[in-house]
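An overview of the molecular structure
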Amino acid sequence: MQLRYSFRLYPSAGQRTALARAFGCARVVYNDALRARERARAQGLPFPKAGDLSKALITEAKKTPERAWLGEVSAVVLQQSLRDLDTAYRNFFDGLKGKRPRVGAPRYKSRKDPRQAVRFTANARWSITPGQKLRLPKIGDVRVKWSRTLPSTPSTVTVVKDSAGRYFASFVVETSPEEVLPQTTPELGIDLGLGHFAVLSDGTKVDSPRFLRRAGKRLRKAQRALSRKEKGSKNRNKARIRVARAHARVADARGEFHHQLSTQLIRENQAVAVEDLAVKALARTRLAKSVHDAGWSAFVSMLEYKAARYGRTFVKIGRFEPTSQVCSVCGANNGPKPLHVREWTCGACGAVLDRDINAAVNVAKAAGLAVTACGARVRRAPVPAPRIEAGTHSTPQLSTPR
């Protein structure tokens, strides 16, 4: 499988100018191609092909005074911008056909977009120098903060500038079969929540770090300072960057937490099961801020690709499974319960169940994993025998199967 490895870049002042030029040229070619296709659609003509667009908007455009500055950047960057537009159209039409989740039609890019990116393929002849710098065509040797070793030779590199003004190099590499972990025994069900970020079927509860809530004071102060600055001023741009950096610190801390927890669960368990949560629906409720702060979708995505990478089993059960209503001991359905009920007693077998641990066990059972409730906080409660069993009858009663 293909993976992305991201590293921080520290370009010089001249290199930042060259990267800004590359970002702008790629954006102009993308917008020109989108405009050409929209014009053809409005006139009822067939969509221009990528080859025709490349010839007209790149090769021929460089010869005109209006677009002569396109020759100042690598041609590969401009070609990849056209491919990005093709991918955007393909995703849009596949969504209309039901082949994938629906996405909006391609839109024009703005120079004020918080994220700018350009991609270099092997044809661009980029390389990593003996001094461990990233050599990019018509940009130079950019200093890289290498935090780990690449597992194989990368095929492409994407240079990204985020809203906080930071630069990153994202490499696409192929994983090797040697990364498959040896077989192990435990199988795990996970119940994701807000009170606890994750509750495992073995009874473990992982606290929710609440990174956004903890950074609330710093964010409020930065956003108040931004609101007082005059629009269009340099001080407002500086305040905007401070707000973006504060949010970036929150996102980085959340991502690090997700990576560490997902790697630990995948390494220690042979199979992992989670519930398919309706995150978009929950994000429209009064719990929206907490739902976004938890980042369930990103965590589940990490579990999925790491399971495929390391040879583990990943199962996602349906969101309509009654995991919080069914007793994990006897399987009786006790009906829905409000959120404030954190512990309940099964009316059939008398087991006292922790709501979250019981749901985690049921998630694993619904996925077909070999787990039991022995590790959960389950205990028997004194329940009076039902009258139909404790009483005597004047006439023999037929026993019915339960």
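Here's what I pulled together on the structure shown here. (Residues numbered from 1 in each chain as written. Predicted model: local features only at pLDDT ≥ 70, side-chain atom pairs only at ≥ 80, totals over all residues. Heavy atoms only, no water.)

So, about the pairing of strand β9 (residues 196-200). When you tally the buried positions in β9, you get four out of five residues, the bulk of the element. With three bridges connecting them, strand β8 (residues 187-192) and β9 associate as antiparallel partners. From the neighbouring strand, leucine 192 faces β9, where its bridge partner is alanine 198. The antiparallel hairpin formed by β9 and strand β10 (residues 205-207) contains four residues in its connecting segment, where glycine 203 sits at a positive phi of about 100 degrees. (Buried < 20%, exposed > 50% of the residue type's maximum accessible area, 1.4 Å probe, protein only. Helix = DSSP H or I, 4+ residues; strand = E, 2+ residues; numbered from the N terminus. Pairing = 2+ DSSP bridges.)

Here we come to the pairing of β8. The element β8 is extensively covered by neighbouring structure, given that five of its six residues are classed as buried. When β8 meets strand β11 (residues 271-275), the two strands line up parallel, connected through three bridges. Across the sheet, glutamate 187 pairs through a bridge with alanine 271, a residue of β11. Joining the antiparallel neighbours β8 and β9 is a turn of three residues.

Here we take up the side chain of asparagine 269. Along the polypeptide, asparagine 269 turns up in the loop between α6 (234-268) and β11. At a separation of 2.9 Å, a polar atom in the side chain of asparagine 269 contacts the main-chain carbonyl oxygen of leucine 265. Asparagine 269 has contacts with Thr184, Pro186, Glu187, Leu188 and Arg312, leaving out every residue within four places of it along the chain. (Polar contact = N/O pair within 3.5 Å; in protein donor to acceptor, adjacent residues only side chain to side chain. Contact = heavy atoms within 4.5 Å.)

Across all of its chains, the model carries 10 aromatic pairs by this definition. Centre to centre, the rings of tryptophan 126 and phenylalanine 171 are 5.8 Å apart; their planes meet at 45 degrees, and the pair counts as tilted. Placement of the pair is tryptophan 126 in the loop between β2 (116-120) and β3 (127-128) and phenylalanine 171 in strand β7 (residues 167-174), with a sequence separation of 45 residues. Accessibility classification places tryptophan 126 together with phenylalanine 171 in one group, the buried group. Every member of this aromatic cluster is reached through a ring pair, and the members are Phe7, Trp126, Trp146 and Phe171. Positioned over the ring face of tyrosine 310 is arginine 267, at 5.2 Å from the centre of the ring. (Phe/Tyr/Trp six-rings, centres within 6.5 Å; stacked < 30°, edge-to-face > 60°. Lys NZ or Arg CZ within 6 Å of the ring centre and 35° of its normal.)

Comment: phi is negative for the bulk of residues other than glycine, and the bulk of peptide bonds are trans. Located in the positive-phi region is arginine 125, a residue other than glycine, with phi close to 60 degrees. Within the secondary structure layout, arginine 125 lies in the loop between β2 and β3. By relative accessible area, arginine 125 is classed as exposed at 74%. You will see that lysine 138, though not glycine, has its phi angle at about 60 degrees, which is positive. With a relative accessible area of 52%, lysine 138 lands in the exposed category.

Bringing helix α2 (residues 50-59) into the picture now. Here α2 has its buried residues at Leu53, Ser54, Leu57 and Ile58. Taken down its axis, α2 places every buried residue within 100 degrees of arc, on the same side. With respect to the buried face of α2, the exposed residues turned more than 90 degrees away are Gly51, Asp52 and Lys55. Check the buried side of α2 and you find it contacts α1 (13-42) and α3 (75-96). (Arc of directions from axis to C-beta.)

Bringing the nonpolar core into the picture now. Counting 43 residues, the largest nonpolar core has Leu9, Val118, Phe120, Leu134, Leu136, Val157 and Phe171 as its most contacted members. For this core, the element with the most residues is α1, which contributes 11 residues. Once residues lying within four places of it in the same chain are set aside, the contact partners of phenylalanine 120 are Ser74, Val76, Val77, Trp126, Leu136, Pro137, Ile139, Thr156, Val157 and Val159. Counting 29 residues, the second largest nonpolar core, distinct from the first, contains Leu181, Leu200, Leu219 and Leu261. (Core = buried A, V, L, I, M, F, W, Y, C linked by side-chain atoms within 4.5 Å.)

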